[in-house]
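Here is how the chains run, residue by residue.
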Amino acid sequence: MDAAAQERSEHQQRLDDLYRDPYPLYARARRAEGLTFVPELDAWLVARDADVREVLLRSDDFSSEQALRPDVMPAPAAFGVLAGGFAKRPTVVSTDGPAHRRHRAPLNSGLSAARVTALRPYAAERAAALLDGFAADGRTELMASYARRLPGAVIGRLIGFDPADVPAAVHGGHQAEQLLFRPLDEAAQLAAAEDVVTLQHLLDRYARARRAEPRDDLCSAMVAALAPGDGELTDDQRAELVSNLQNLLIAGHLTTTALIGNTFHHLLRDDRKQWELLCARPELIPGAVEEAARFDTAVQGFRRTTTRPVTVAGTELPAGATVFVAYGSANRDEGRHDDPDVFDITRPPARHVAFGYGAHGCPGSQLARGQLRLTLELFTRRLPGLRLAKDHAVEMRPTMIHRSPLALHLTW
Ligand code: HEM
């Protein structure tokens, strides 16, 4: 390995270590005066709960344009493959002000409490069917057998996919994340780019089909909101719809997959005391959902960019500075939560920021919470003997985007 390659690989190793366990860095940043610049993140870390909320509320000073800035720049050959798909367009997560409100409107109604309630029987039926698939085996790897499957089925149903299209859509979502947030070798980049292009064409087919014959689904609502009228969609409209549908699909499943994984991990570790408590007192399930979301926050942080010179926590930042708004750190802030590093499902309801805060706060939070609640109702009832498999240590995925175990081997 030459010196430059060696340096890149050492940098990546440091980044992976930080991503697998960012909590010590957060604790130092919360204690430090002002904001801490973190070279590995190439951003100022906003770590305290009050500072996180302040930045998220000051959306005129802190733009979302680079909220989801990728960690990795794919190779030119991968861009060559991506050129066969659709050009990237701004989405709800990367826009501000009126443009953001325009993207957000169909999501607010499409993810309303009534819509989420109406989806519950389907989600419960899918959850039970997935569990039936492995309940007799005495062991499972939960991420593959359940956590990566239920949220995809649910968001697919909401968007309006044919169930047969869900596995490819879910796979495409994972590949998009890998391509932009993990260093892959060139062959893996090309394969991921191919899968992203396949996903984009699938989303485009749905957008055009719903334009021709609208249905009562979120895809039709997004087409109507982002491309009003009834003529054929223009190339521009198609590209905008594909970007926004792709964003919704990914936001709808990778996040919830991660939360399900983290929840089981923390309930079952430490001699499964919290799990036994939950099985004995299922009325604690809603509190357990909030505690899991707070304790090991699935989406660790998003970025913001200053639109003008600003001061936060006494630190002066120039226009164009990048901050990393760490929900995962705010949720461990001792100034806001008692004993924040203890996972305790009996904790009185705490106002955490696992689902963001302010104008960009998560519109899918009730959908995510609902899936986790019904999952815990199902598993505490059917598999109370659940435990972490002794022969597999739990290893975290090295990412801040959707923090979760790589795999979760369970027995009963
Ligand atoms: C455990 C599950 C989830 C977590 C932890 C989570 C977390 C978040 C967070 C932290 C944000 C704020 C982003 C920002 O400040 O820029 C956000 C936004 C968003 N979430 Fe979620 N989310 C989850 C599930 C979902 C689901 C199920 C959906 C869709 C069905 C969804 C759709 C979205 C969308 C569209 C946005 C962008 C909103 C905007 O920019 O106005 N999320 N989510």
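Residues numbered from 1 in each chain as written. Predicted model: local features only at pLDDT ≥ 70, side-chain atom pairs only at ≥ 80, totals over all residues. Heavy atoms only, no water.

**Q** Now, about the site of the ligand: what can you tell me, with residues and values included?
**A** Around the ligand there are 27 residues in total, and H100, R104, Y327, H360 and C362 lie nearest to it. Here V92 contributes a backbone N or O atom positioned 3.2 Å from an oxygen atom of the ligand. One of the backbone N or O atoms of A251 is found 3.4 Å from a nitrogen atom in the ligand. Looking at the shell around the ligand element by element, the count peaks at 6 residues for helix α12 (residues 235-268). Across the shell around the ligand, the residue classes tally to 18 nonpolar, 7 polar and 2 charged. (Near = heavy atom within 4 Å. Polar contact = N/O pair within 3.5 Å; in protein donor to acceptor, adjacent residues only side chain to side chain. Helix = DSSP H or I, 4+ residues; strand = E, 2+ residues; numbered from the N terminus. Nonpolar A, V, L, I, M, F, W, Y, C, P; charged D, E, K, R; others polar.)

**Q** A description of the packing of helix α13 (residues 273-280) against helix α16 (residues 365-382) should follow, citing residues and the corresponding values.
**A** Packing of α13 against α16 brings their axes to within 9 Å, and their N-to-C directions diverge by 90°. By the criterion of interaxial angle, the relationship of α13 to α16 is roughly perpendicular. Contact residues: W275, L278 and C279 in α13; L376, F379 and T380 in α16. The residue inventory of the contact of α13 with α16, partitioned by class, reads 5 nonpolar, 1 polar and no charged. (Axes fitted to C-alpha atoms, helices over the stretch in contact; angles between N-to-C directions. Parallel < 35°, antiparallel > 145°, perpendicular 65-115°, else oblique. Contact = heavy atoms within 4.5 Å.)

**Q** For the sheet that holds strand β3 (residues 62-63), give the residues involved together with the corresponding values.
**A** Spatial ordering of the open sheet is given by β1-β2-β8-β5-β3, a layout of 5 strands whose pairing is mixed. Looking at which strands have only one partner, the edges of the open sheet turn out to be β1 (36-38) and β3. The pairing of strand β2 (residues 43-46) with strand β8 (residues 322-326) spans 3 bridges and is classified as parallel. If you follow W44 over to β8, its bridge partner there is V323. The strands touched by helix α2 (residues 23-31) within the sheet are β1, β2 and β8, with β2 carrying the most contacts at an inclination of about 80°. (Pairing = 2+ DSSP bridges.)

Geometric descriptors of this kind do not, in isolation, establish any biological role.
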